[in-house]
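Next come the chains, spelled out residue by residue.
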Amino acid sequence: MHADVVARRIENLENMCDERARMLQDQFNVSMNHVHALAILVSTFHHGKNPSAIDQKTFEDFTARTTFERPLMSGVAYALKVLHSERELFEQKLGWKIKKMETEDQSLVHDYNPEKLQPSPVQDEYAPVIFSQETVKHIISVDMMSGKEDRDNILRSRATGKGALTAPFPLLKSNHLGVVLTFTVYKYDLPPDATPEERIEATLGYLGASFDVPSLVERLLEQLASKQKIVVRLYDITNHTYPTKMYDSDVIASDDLHISNIDFGDPTRKHVMHCRFKHAP
Ligand code: WA2
């Protein structure tokens, strides 16, 4: 091939890769802003009103009618901060027990049945889901602090007051690789320089969203022309000696590679998109 043909081919790959990375980043960003707004909705209409103006039915209706605002989220849910000393009263009031998340046993994850979950053993505190979008109803009553990724994310979000994103891990029920985004809801507005202790003390609950990466990235890429020409992979490279693959088009590809950066809005995480040409048949 002539040098100029090769150069144009590479430039074409760069442009297509940057366009895809940018689209994914923008769609994630608008979804994330809307999840943040839902945290404010819960603060205003659940905690800010007595009696609360939100119940499971209202939350389900509102989140179903606003899914178009969160194109990359498979579901949103709200978990309450419950201290062990408050557990008994909480369970009496809600009429159900706080459940432990089952993630260790992969077979259990696979035929996930919320009815079979065990009550949570004694902990200092819990984060049971009290409202959920219909698509993630299976996490109602589950203690989100009993899953490692969810727990770490809750702790990081409430100590910083910012949106926190997990590394990729298998989501409950679907078992698809996904990430969870969490915003903390506080009793009152905190100054930007509030200490982590002040933030923990003021915490009321956690508004979280799950991003089912394979199905939602697939849907995004399908909207684009020239899908038939390009193969895309998505990696979490936060730990750059152990990058985690989040998405793979699963097609044989050429050697030419372009890497585009993606910013998902959590400065402690780093993601990249790898793009290659599909092998000519
Ligand atoms: N949501 C949906 N599926 C999941 C999941 C999750 N977390 N974790 C594992 N599979 C209520 O940060 C608080 C949502 C967690 C929020």
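Before reading further, recall that the structure is shown in the block above.
A short tour of the structure in this document, coming up. Keep in mind it's a predicted model, so treat the numbers as computed, not measured.

### A word on the nonpolar core
Counting residues in hydrophobic clusters, the biggest one holds 49 residues, and the most contacted among them are Leu24, Tyr78, Phe211, Leu234 and Met273. Looking at this core element by element, the count peaks at 11 residues for helix 1 (residues 3-47).

### Things to note about helix 2 (residues 56-65)
Helical periodicity: at 3.6 residues per turn, an α-helix aligns residues three or four positions apart in one direction. Of the residues making up helix 2, those classed as buried are Gln56, Phe59, Glu60 and Thr63. Take helix 2 and look down its axis: the buried residues cluster within an arc of 100°, on one side only. Opposite the packed face of helix 2, turned more than 90 degrees from it, sit the exposed residues Lys57 and Arg65. Lining the buried residues of helix 2 we find helix 1, strand 1 (75-80), strand 4 (129-132) and strand 8 (203-212).

### Let's talk about the pattern of salt bridges
Within the structure shown, the criterion is met by 12 salt bridges. Note that Arg8 and Asp4 form a salt bridge whose closest N and O atoms lie 3.9 Å from each other. Placement of the pair is Arg8 and Asp4 together in helix 1, with a separation of 4 residues, close to one helical turn. Residue class for Asp4 comes out partly exposed when judged on its relative accessible area of 47%. Two residues, Arg9 and Asp256, come together in a salt bridge whose shortest N-O distance is 3.5 Å. Highlighted residues: Arg9 in helix 1 and Asp256 in the loop between strand 10 (244-248) and strand 11 (258-262), separated in sequence by 247 residues. Accessibility expressed as a relative area gives 30% for Arg9, which makes it partly exposed. Through salt bridges with shared partners, a single network forms among Arg233, Lys245 and Asp248.

### A word on the packing of aromatic side chains
To describe a pair of aromatic rings, you give the distance between the ring centres and the angle between the ring planes. Taken as a whole and judged by the stated rule, the model has 6 aromatic pairs. Judged by centre distance (5.5 Å) and plane angle (80°), the rings of Phe90 and Trp96 are edge-to-face. For Phe90, a relative accessible area of 9% translates into the label buried. An aromatic cluster of at least three residues, connected via ring pairs, comprises Phe28, Phe211 and Phe264. Taking the ring centre of Tyr186 as reference, the NZ or CZ of Arg199 above it sits at 5.5 Å.

How each quantity is defined
- Counting restarts for each chain, with residues numbered from 1 along the sequence as it is written.
- Owing to the predicted nature of the model, reporting of local features is limited to residues with pLDDT of at least 70; listing and counting of side-chain atom pairs is limited to 80 or more, with chain, interface and lining totals taken over all residues.
- In computing side-chain properties, one takes all heavy atoms of the structure into account and sets aside hydrogens as well as water.
- Nonpolar core, defined: a set of buried Ala, Val, Leu, Ile, Met, Phe, Trp, Tyr and Cys residues in which side-chain atoms within 4.5 Å join the residues together.
- Three exposure classes are used, based on accessible area relative to the maximum for each residue type with a 1.4 Å probe and protein chains only: buried under 20%, partly exposed in between, and exposed over 50%.
- A run of H or I in DSSP counts as a helix once it spans at least four residues, and a run of E counts as a strand once it spans at least two, with each numbered from the N terminus.
- In this context, the arc is that of the directions from the helix axis out to the C-beta atoms.
- Contacts are residue-level and defined by heavy atoms, with any inter-residue pair within 4.5 Å sufficient.
- For this document, the term salt bridge refers to a Lys or Arg side-chain nitrogen within 4 Å of an Asp or Glu carboxyl oxygen.
- Ring geometry is summarised as follows: Phe, Tyr and Trp rings, the Trp one being its six-membered ring, pair when their centres sit within 6.5 Å, and such pairs are stacked at plane angles under 30 degrees, edge-to-face over 60 and tilted between the two.
- Each ring is checked for a lysine NZ or an arginine CZ that lies within 6 Å of its centre and within 35 degrees of its normal; such an atom marks a charge sitting over the ring.

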